[in-house]
Amino acid sequence: MAQNSTIDLNHPSLYNNRELSLISFNERVLMEAVEPSNPLLEQLKFIAIFSSNTDEFFMVRVAGLLDQIKANYTKPDNKAGLKPIEQVESISKNMTRLSKEQYRIYHDLTRKLQDYGWRIIHKAKDLDSLEQYFDDFLLPNLTPIVIDEHQPFPLLSNKAVYIGVELKSEINKTTSAFLKVPDMLPRLVFSSDLDAYVFIEDIISHFAYKLFDGYSVYSITVFRITRNADLTIHEEGARDLLEEIEKELQNREDGAVVRLEVDQNPSHSLLEMLKRKFHVLERDVYYQNGPLDLTFLFQFWKEKSKENPSLAYPTFRPQQPMYLEENDSIFSAAREKDLFFHHPYDSFDPVVSFVTEAAEDDQVLAIKQTLYRVSENSPIIQALKKAAENGKDVTVLVELKARFDEENNVQWARSLEKVGCHVIYGIPFLKTHSKIILVVRRQEETIERFVHLGTGNYNDQTASLYTDMGIITSRHEFGEDATRFFNYLADNSSKSEFRHLSVAPAHLKNDLISYIQQEVINHKKHNNGRIIAKMNSLTEKNIIKEFYKASQEGVQIDLIVRGICCLRPGIPGVSENIKVRSIIGRFLEHSRIFYFYNNGDARYFLSSADLMTRNVKRRIELMVPIYENSVQQAIWDVLDLQLMDDKKARVLDRYGNYTSLTNRSVNSQLELLKLAYERNGATVE
């Protein structure tokens, strides 16, 4: 098919808006809460995930749009052509609809909990029997914040639940006060008298009069605010990036309010005061038909899964990876062939062992690693410290600007420096999001290098929840490029050329575009063009346009995009040869894979980068070619299975809507889990 030159590939009708596409992703998460194949407690957990995602969406994305509106910025976005005010109004409309749906599902599911002896009561009235609990546990933790016209309005915490109390004295004097619901106490309390769980905000509301001598309580309103929590880091001229980050973290609680949640029947006068004090409009107010902040369901899921495991996913134990025996030396195995890992089906332990073994190996001279997000008690951090204590040269790039992990990473950076690690903080104005470990080892009279390259963070906790891929290789070509890469990070004026790795922002985007264009050239000659790309999000317009051009020439393109997708498939003359699917299931799909048929000489790549503008222009990312035939086959098997998924996949249409498939016979995550067990002679529980 010849390219249609009369179609303007910049036309807004060809694109989905980034923010509305993100809302669509969160809606797909919420729909897992009504998916009958998910156990009941897992359905509740998906409500909690939706709530957590929504909080971050408002704190970062909506906050940015509101900042643009305040600055009188009216330029439309460069894809769908929506102005900031139009986006905010659409967000308000869509999120109001989804909030109502969220609470409808919540009430349906909590009613089902009663069949298992778990009753949860919202707005419980008869709470007199819990007076002792209030006096012993809640009262000591409560400090009334009285609203005084002679005092500045108090600074209220981001995402905390508050109780607004309107009071009247014996002489008819009125005032208001706020009570913060303690976040260090369990949100739910079991009442044996009611044979049910009740919310502590309801208990506090019931006994609030005890805190206000001489006043009577005449209204109670539960509310919650969401603040702008995106950090503004002024790197240029910052003498110490650690200090700059620490300073900005202190300001996070001061951010402008971007959302006000209230219970469904708030006091009108209190609500108007909150709107006025927080400078929020009615569009920013969400009236919730139930308890605020449904992320408490994470803890409920965790506790009740132990009581009744049948209501949660069966326990899954990550399996020993292919071609690697349990007690094998990682170095010995990697000398034989590239080692491939597909987490969480494959255990993350060998990746940890790669660093711990290097830390104890007398022949290892140096370890270099990038860190973006790690777990609270990271074994990799401990191994790096041990390596430094053992006299090895340890260089660690700690990305201090990893959103919502800034504080943890500051602490890790300081602790690594204390034991003698050389800690670097990357290149100003760019986040280092690449995933790479380089181990330099003495082997008789020569030097050998081992490299881990992956799609996911070096976090042993999320490695059991996110699907990611990686390799450990001893190929000299990767070892040489890895050395150049760490030199590039340490000396940001360096203009290193990489022979095998593609590095963003310098080359990765252009390399991908050249592979797409080569597929078009091949297709014109051989009529067999095929591209498969798997990622979390797709927003980069130049790459989308290249996909459109390839589709116009007849190249068959399958995109597996979990989250945001600004591309619209199936548009006649533009994208009729493109299919887009999103898979949401037990594990968070996180791996990034790019496949090009290349007239039979297929190219496979793994990458730390999504095809988003931020990743290819404002982050340091890596894309690694896969040369080992067995690894290529393993990756193909995953792609092939995910393209057959008709149970957890939803398909995007030309109008920006996702629909479920009808056959519902293949759950790719479950099949991969079964295959991992079968490979090790085990069976799924």
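Residues numbered from 1 in each chain as written. Predicted model: local features only at pLDDT ≥ 70, side-chain atom pairs only at ≥ 80, totals over all residues. Heavy atoms only, no water.

**Student:** So what about a negative patch on the surface? Which residues, and what values?
**Tutor:** On the surface, Glu-325, Glu-326, Asp-328 and Asp-349 cluster together to form a negatively charged patch. Of note, Glu-326 is situated in the loop between α8 (297-307) and α9 (330-336). (Patch = residues over 30% accessible without salt bridge, like charges linked within 9 Å, V, L, I, M, F, W, Y side chains within 5 Å. Areas by Shrake-Rupley, 256 points an atom, 1.4 Å probe, with all protein chains shown as cover. Salt bridge = Lys/Arg side-chain N within 4 Å of Asp/Glu carboxyl O. Lys, Arg positive; Asp, Glu negative; His and termini not counted. Charge placed at Lys NZ, Arg CZ, Asp CG, Glu CD. Helix = DSSP H or I, 4+ residues; strand = E, 2+ residues; numbered from the N terminus.)

**Student:** Can you break down empty space enclosed by the protein residue by residue, with the values?
**Tutor:** Enumeration over the complete set of coordinates arrives at seven cavities of 30 Å³ or more. Space inside the largest cavity adds up to approximately 110 Å³. What lines the largest cavity is a set of 15 residues, among which His-343, Phe-348, Gly-456, Asn-457 and Asp-468 lie closest to the centre. Mapped onto the lining of the largest cavity, the elements with two or more residues apiece are β16 (446-454) and β17 (466-473). Taken together, the residues of the lining of the largest cavity sort by class into five nonpolar, nine polar and one charged. Roughly 90 Å³ of volume is contained in the second largest cavity. Surrounding the second largest cavity, 14 residues form its lining, Ser-51, Gln-102, Arg-259, Glu-261 and Gln-288 being those nearest its centre. (1 Å grid on protein atoms, 1.4 Å probe; cavity = no way out; pocket = protein on both sides within 12 Å on 5 of 7 lines; lining within 4 Å. Points joined across faces, edges and corners; volume = space filled by probe spheres on them. Nonpolar A, V, L, I, M, F, W, Y, C, P; charged D, E, K, R; others polar.)

**Student:** Break down the nonpolar core for me, citing the residues and quoting the values.
**Tutor:** The nonpolar side chains of soluble globular proteins are, as a tendency, buried together. Core analysis: the biggest nonpolar cluster contains 111 residues, and Ile-47, Ile-203, Leu-538, Phe-547, Leu-559 and Leu-567 have the highest contact counts within it. With 13 residues, helix α2 (residues 40-70) is the single largest residue contributor to this core. Once you skip the residues sitting within four places of it in the chain, Leu-559 turns out to touch Ala-533, Met-535, Leu-538, Phe-547, Leu-567, Ile-578, Lys-579, Val-580 and Arg-581. Tyr-345, Met-469, Ala-482 and Ile-560 belong to the second-largest nonpolar core, a separate cluster that totals 49 residues. (Core = buried A, V, L, I, M, F, W, Y, C linked by side-chain atoms within 4.5 Å. Buried < 20%, exposed > 50% of the residue type's maximum accessible area, 1.4 Å probe, protein only. Contact = heavy atoms within 4.5 Å.)

**Student:** Go over the side chain of Gln-669 with me, naming the residues and quoting the values.
**Tutor:** Looking at the secondary structure, you find Gln-669 in helix α18 (residues 668-679). Gln-669 gets classed as buried once you look at its relative accessible area, which sits at 4%. For Gln-669, the side chain forms a polar contact with the side chain of Glu-589, separated by 2.8 Å. Non-local contacts of Gln-669, meaning those with residues more than four positions away in its chain, are made with Tyr-345, Thr-467, Gly-585, Arg-586, Phe-587, Glu-589 and Asp-645. (Polar contact = N/O pair within 3.5 Å; in protein donor to acceptor, adjacent residues only side chain to side chain.)

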